[in-house]
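# Structural overview
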Amino acid sequence: MLNFDLTEEQQMIKKMIREFADEVVAPGAIDRDRTKEFPVEVFKQLSEMGMMGLPFSEEYGGGGADTISFAIVTEELSRACASTGITYSAHISLGGAPLNLFGTEEQKHTYLTPICTGESFGAFGLTESNAGSDAGGTQTTAKVDGNDYVINGSKVFITNASYAKHLAITAITGTEGGKKEVSAIIVPTDAEGFTVIDNYEKMGLNASNTTELVLDNVRVPKENLLGTQGNGFRQFLVTLDGGRIGIGAMAVGIAQAAFDRALRYSKERKQFGKTLSEFQITQFKLADMAMKIELARNMVHKAAWLKDQGRPFSKEASMCKLYASEIAMEVASEAIQIHGGYGYMKEYEVERYMRDAKLLEIGEGTSEVQRMVIARLIGC
Ligand SMILES: Cc1cc2nc3c(=O)[nH]c(=O)nc-3n(C[C@H](O)[C@H](O)[C@H](O)COP(=O)(O)OP(=O)(O)OC[C@H]3O[C@@H](n4cnc5c(N)ncnc54)[C@H](O)[C@@H]3O)c2cc1C
């Protein structure tokens, strides 16, 4: 049984979020890119719509929807404003997902529920200045002292932390067989010694929140351990698999926005007495853009579908993230080309799509890392 139709529920979610994206999210996107203002009001409304815990169980305040629905919402938000898209994607797939996957019942009620209701944003602190692609370089430590962990270290590039009440971070909790033992620990952001610094100057995704974290003798109870001690690496690899579907969906959204604008402009702009869309070279560019977007969306939905079936999806998640992020850059660049000089101007928005899309080839595993993952999973 092969079926490419969305279910009734998925179609309903798509219609609702599409209208919201067009009417509420898109109008302020240029301004937010300029002012770097976090889309607080947009997320207030997304909370009211029940979107903040969409794929999590109703028991924790979630929407009980599937991963395809999450991908649809992420795509549509990113089509309107990629800063809103990454905030949402990280909230769900980096913030909520590890709690949902590895948390105890008590942790889920305490930490996942406020994420589902939108009371807290979800965030995840893995990357450090010396631990990016090679997370084995983690230097943050969590030492047991009585009934507590005492955490020292720092994290870089962490999405949403300024708006999170708590987040899971990775830290070295010991050594085993000469190897670092890394664990994930839930830390309240108002804990003494915890500082969130929000002063990066970024290339794009300007309205999203990207922060540095400093942990100076931060004390949390031992029961804040997420999952099992020493399993932090495996847990974050599983978390990132799901996150890659979010990045793939974001990329499809940005590419779709760039394509829509390029198609519209090509029908309006006249040179040599003809619209650009009458030139075969423009038609071929648009045909290639449309084809790549369709292929990328299919791959995102396939990875999401496999995840929903409880089947292995790591390879497909990497493939959809890699392919969608690379075609998003290509499509955004072609959209600028089709706009000519106007494409270079902020007013036409296509230059923002290219700046925003670039992060997708870097975050949650660079394109090089995705190729390494896929190569391993195809048996190289
Ligand atoms: C806006 C933004 C938001 C982010 N949000 C989060 C977040 O919420 N949480 C979080 O934990 N992290 C987050 N990150 C961090 C992100 O995941 C890392 O930047 C990314 O994994 C790459 O790590 P790095 O920047 O240290 O680059 P490096 O690992 O130093 O890589 C530099 C280059 O070397 C290449 N390279 C590295 N190793 C190899 C190899 N073995 N073979 C071939 N090439 C290699 C890479 O592909 C890359 O091209 C965010 C980053 C940004 C920019």
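Residues numbered from 1 in each chain as written. Predicted model: local features only at pLDDT ≥ 70, side-chain atom pairs only at ≥ 80, totals over all residues. Heavy atoms only, no water.

### A few points about the packing of helix H1 (residues 8–25) against helix H3 (residues 40–48)
Angle between the axes and distance between the axes are the two parameters that describe a pair of packed helices. Across the interface, H1 lies against H3 with an axial gap of 11 Å and an inter-helix angle of 155 degrees. One way to sum up the angle between H1 and H3 is to call them roughly antiparallel. Seen from above, H1 lies across H3 with right-handed handedness. Contacts from Ile17, Phe20, Val24 and Val25 of H1 reach H3 at Val42, Gln45 and Leu46. Within the contact of H1 with H3, the residues separate by chemical class into 6 nonpolar, 1 polar and no charged. (Axes fitted to C-alpha atoms, helices over the stretch in contact; angles between N-to-C directions. Helix = DSSP H or I, 4+ residues; strand = E, 2+ residues; numbered from the N terminus. Parallel < 35°, antiparallel > 145°, perpendicular 65-115°, else oblique. Left-handed = near helix turned anticlockwise from the far one by under 90°. Contact = heavy atoms within 4.5 Å. Nonpolar A, V, L, I, M, F, W, Y, C, P; charged D, E, K, R; others polar.)

### Describing the pairing of strand S4 (residues 166–176)
Most of S4 sits inside the fold, with 8 of its 11 residues counted as buried. Examined bridge by bridge, strand S1 (residues 124–125) and S4 share 2 bridges and lie parallel to one another. Directly across from Phe124, in S4, lies its bridge partner Ala168. When S4 meets strand S5 (residues 179–188), the two strands line up antiparallel, connected through 10 bridges. The partner of Thr170 across the bridge, within S5, is Ala184. Counting the residues between successive antiparallel strands, the hairpin from S4 to S5 contains 2 residues, one of them, Gly177, with a positive phi of roughly 55 degrees. (Buried < 20%, exposed > 50% of the residue type's maximum accessible area, 1.4 Å probe, protein only. Pairing = 2+ DSSP bridges.)

### With respect to the nonpolar core
The biggest cluster of nonpolar side chains holds 86 residues, and the ones touching the most others in it are Leu46 and Tyr88. Take this core: its biggest share by element is 15 residues, from helix H7 (residues 232–268). Once residues within four sequence positions are removed from consideration, Tyr88 is found in contact with Phe43, Met51, Met52, Leu54, Phe70, Val73, Thr74 and Leu77. Formed by 19 residues, the second largest nonpolar core is a distinct cluster that contains Ala164, Ile169, Ile185 and Leu213. (Core = buried A, V, L, I, M, F, W, Y, C linked by side-chain atoms within 4.5 Å.)

### Let's talk about the site of the ligand
Around the ligand lies a shell of 17 residues, among which Thr127, Ser133, Phe157, Thr366 and Glu368 are the nearest. One of the backbone nitrogen or oxygen atoms of Phe124 is found 2.9 Å away from a nitrogen atom of the ligand. One nitrogen or oxygen atom from the side chain of Thr366 is found 2.6 Å from an oxygen atom belonging to the ligand. Coverage of the ligand by the protein amounts to 63% of the 980 Å² it exposes when considered alone. Those elements giving two or more residues to the shell around the ligand turn out to be strand S3 (148–159) and helix H11 (367–377). Of the residues contributing to the shell around the ligand, the split by class is 8 nonpolar, 7 polar and 2 charged. The residue makeup of the shell around the ligand includes at least three contributed by each of domain 2 (124–231) and domain 3 (234–377). (Near = heavy atom within 4 Å. Polar contact = N/O pair within 3.5 Å; in protein donor to acceptor, adjacent residues only side chain to side chain. Areas by Shrake-Rupley, 256 points an atom, 1.4 Å probe, with all protein chains shown as cover. Domains from an automatic or database assignment.)

### Observations concerning unusual backbone geometry
The backbone phi angle of Phe272 is positive, close to 55 degrees, even though this residue is not glycine. Within the secondary structure, Phe272 is located in the loop between strand S9 (270–271) and strand S10 (274–275). Here Phe272 falls in the exposed class, since its relative accessible area comes to 80%. One non-glycine residue, Glu364, adopts positive backbone phi at about 55 degrees. Along the chain, the position of Glu364 falls in the loop between helix H10 (350–358) and H11.

### Brief notes about the domain arrangement of the protein chain
Domain boundaries assigned for the protein chain yield domain 1 (8–117), domain 2 (124–231) and domain 3 (234–377). The interface of domain 1 with domain 2 comprises 21 residues on the first partner and 17 residues on the second. Approximately 1,700 Å² of surface area, both sides summed, lies buried where domain 1 meets domain 2, with 64% of it carried by carbon and sulfur atoms. The largest share of the area that domain 1 buries against domain 2 comes from Lys36, Phe38 and Tyr111, three residues that together contribute 32% of it. Our count for the contact surface shared by domain 1 and domain 2 stands at 1 salt bridge. On the surface where domain 1 and domain 2 come into contact, there are 9 residue pairs in polar contact (both at pLDDT 80 or more). Looking at the side of domain 1 that touches domain 2, the elements with two or more residues in it are helix H2 (29–35), helix H5 (82–102) and helix H6 (105–117). Ranked by the residues each element gives to the side of domain 1 that touches domain 2, the list is headed by H5, at 10 residues. Broken down by class, the residue content of the side of domain 1 that touches domain 2 amounts to 12 nonpolar, 5 polar and 4 charged. (Buried area = accessible area lost by both parts, 1.4 Å probe. Salt bridge = Lys/Arg side-chain N within 4 Å of Asp/Glu carboxyl O.)

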